[in-house]
Every structure is written in C-alpha cells, then in structure tokens.
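# Fold and contact review
Listed here are the chains, written in short residue letters.
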Amino acid sequence: MNRSELQQLIFQEIANIAPEIEPDMVDVDEDLREELDIDSMDFMILTVALGKRLGTPIPDTDHHLLNSINNLLSYLESKQQA
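The notes below deal with the structure included here. (Residues numbered from 1 in each chain as written. Predicted model: local features only at pLDDT ≥ 70, side-chain atom pairs only at ≥ 80, totals over all residues. Heavy atoms only, no water.)

## Observations regarding the nonpolar core
Taken as a class, soluble globular proteins show a tendency for nonpolar side chains to be buried jointly. Counting residues in hydrophobic clusters, the biggest one holds 22 residues, and the most contacted among them are Ile10, Ile14, Leu50, Ile69 and Leu76. For this core, the secondary-structure elements that each account for two or more residues are α1 (3-17), α2 (32-36), α3 (40-54) and α4 (69-81). In this structure leucine 76 touches Leu6, Ile10, Leu50, Leu54 and Ile58, once residues within four positions along its chain are discounted. (Core = buried A, V, L, I, M, F, W, Y, C linked by side-chain atoms within 4.5 Å. Buried < 20%, exposed > 50% of the residue type's maximum accessible area, 1.4 Å probe, protein only. Helix = DSSP H or I, 4+ residues; strand = E, 2+ residues; numbered from the N terminus. Contact = heavy atoms within 4.5 Å.)

## Focus on the side chain of serine 68
Residue position: serine 68 is located in the loop between α3 and α4. A distance of 3.0 Å separates a polar atom in the side chain of serine 68 from the backbone nitrogen of asparagine 71. Excluding residues that lie within four positions of it along the chain, serine 68 makes contacts with Val28, Asp29, Glu30 and Leu32. (Polar contact = N/O pair within 3.5 Å; in protein donor to acceptor, adjacent residues only side chain to side chain.)

## Observations concerning α3
Between its terminal C-alpha atoms α3 stretches 21 Å, which fits the 21 Å expected from 15 residues at 1.5 Å a residue. For α3, the set of buried residues is Phe43, Leu46, Thr47, Ala49, Leu50, Gly51 and Leu54. Check the buried side of α3 and you find it contacts α1, α2 and α4. The N-cap residue of α3 is aspartate 39: its side-chain oxygen and the backbone nitrogen of methionine 41 are 3.2 Å apart. Where α3 terminates, the next one or two residues include glycine 55, which has phi positive at roughly 70 degrees. (Expected span 1.5 Å × (residues − 1).)

Structure follows, in structure tokens:
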C-alpha cells in the first residue's frame, strides 16, 4: 500500500470516530489529537482499527511515535516494509 492509500485509510478510520472532520481541515504535521479534537480513548480506537485493517498491531508503547498524520504514515509505511 502506498502513502496515498495509507492516508486514505487513515482518514476513513478517522471518519468513524470523528465524522465531522474533513481531511483538508487537518494539518498533517500538527498534533493528531489536537487537530482531531479526540481524547486518548478515541486515539486508541483509531490505532487499533488501523492495526486491524493493515494486519499490523500497533503497540501502546509506540503511540508516542504517532503524534501527527505524517508520523503515523511514516510509522505504518515502516511496518509494511518490515
């Protein structure tokens, strides 16, 4: 899956927890939780859903690496290449 497809997948899952968020409203370099106005539970739901869809578990210990859309994309790309 390329970066664009991964980004689409991320925004599909974001729509499940924050349907009012439009992708073009999100600064992909800013703090993900602040940009989406989500709490830690919603963030966990997002990471679990992405892990399931990609067949790549995202451990809680890696959550600090996922603080923006771009960091999340880079993380998921690295997991797919591993």
